[in-house]
Amino acid sequence: MEKFVQFALCDSGGLLLDLPAQVLSEREFYNALRAFQGTNVVGSEFGVFDRPDGIEVARQYSFNATFSAADEAVSVVKLIFEKVFEISFNDELVVSLS
C-alpha cells in the first residue's frame, strides 16, 4: 500500500502541507478530522476552476497548514501516517523531492 504526504515551498520559505480529501478513504478522512483537532492543520473546502479567472467546475476539500520549521512538518507527517493512514513508522518511509 502506498500513501503520500505532499508539501509545497511557500514564497516565505516555509512548507505548505496539502492533503486533499480525494486521496483519503472515508475512514482516513474521519481519522484526519480527529487527528488534526488541536493542531494548526485546517480542513477547508474551496473551488476548482477550469482556468485562472475561469468558472468553478468543482469543489475540493483539503487539509492545509504552513510550517516555518522542518521539524514541525516532520511531526505532522508522523501524525498523518500513524493516526490518519494507521501505518506504523516501522514500515518503509521514502522521501522524494521534486
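See above for the structure.
As the structure is a prediction and not an experimental result, all values here were calculated from the model.

Bringing the overall build of the protein chain into the picture now. Secondary structure summary: the protein chain contains two helices and four strands in total. Start at the N end of the protein chain and walk to the C end: the helices and strands fall as β-β-α-β-β-α.

Quick look at the nonpolar core now. The biggest cluster of nonpolar side chains holds 21 residues, and the ones touching the most others in it are F36, V41, F63, I80, V84 and F85. Looking at this core, the elements with two or more residues in it are β2 (15–20), α1 (26–35), β4 (56–67) and α2 (70–84). Take this core: its biggest share by element is six residues, from α2. Non-local contacts of F85, meaning those with residues more than four positions away in its chain, are made with K3, F4, V5, L24, E28 and I80.

A few words now on the pairing of strand β3 (residues 42–49). As defined by bridge partners, β3 adjoins β4 across eight bridges and the pair is classed as antiparallel. When the bridges of β4 are listed, F46 appears paired with Q60. Counting the residues in the hairpin turn of β3 and β4 gives six residues, including D53, whose phi is positive at 60°.

A few words now on the packing of aromatic side chains. Each aromatic ring pair is described using two quantities: the centre-to-centre distance and the angle formed by the ring planes. Throughout the structure, instances matching the rule amount to seven aromatic pairs. Look at F29 and Y30: their rings are 5.3 Å apart centre to centre, the planes differ by 85°, and that puts the pair in the edge-to-face class. Overall, the relative accessible area of 19% leaves F29 in the buried class. Here the aromatic residues F29, Y30, F36, Y61 and F63 are joined through ring pairs into a cluster of three or more.

Moving on: the sheet that holds strand β1 (residues 6–9). Strand order in this open sheet of four strands is β1-β2-β4-β3, and the pairing throughout is antiparallel. The open sheet has two edge strands, β1 and β3, and neither has a second partner. Neighbour-to-neighbour, the strand axes of this sheet turn through a mean angle of 40°, independent of strand direction. Taken strand by strand, α2 contacts β1, β2 and β4, and its axis lies near 15° from that of β2.

What follows is about the pairing of β2. Side-chain positions along a regular strand alternate between the two faces of the sheet. One ladder, built from four bridges, connects β1 with β2; its direction is antiparallel. For F7, the partnering residue across the bridge sits in β2 and is L17. Linking β1 to β2, which pair antiparallel, is a turn of five residues; within it G13 sits at a positive phi near 95°.

Glancing now at the environment of F67. The residue F67 is located in strand β4 in this model. We classify F67 as buried; its relative accessible area is 2%. When near neighbours in sequence (up to four residues on either side) are disregarded, F67 contacts F7, G14, L15, L17, N40, V41, E72, A73 and V76.

Cut-offs applied
Residues numbered from 1 in each chain as written. Predicted model: local features only at pLDDT ≥ 70, side-chain atom pairs only at ≥ 80, totals over all residues. Heavy atoms only, no water. Helix = DSSP H or I, 4+ residues; strand = E, 2+ residues; numbered from the N terminus. Core = buried A, V, L, I, M, F, W, Y, C linked by side-chain atoms within 4.5 Å. Buried < 20%, exposed > 50% of the residue type's maximum accessible area, 1.4 Å probe, protein only. Contact = heavy atoms within 4.5 Å. Pairing = 2+ DSSP bridges. Phe/Tyr/Trp six-rings, centres within 6.5 Å; stacked < 30°, edge-to-face > 60°. Axes fitted to C-alpha atoms, helices over the stretch in contact; angles between N-to-C directions.

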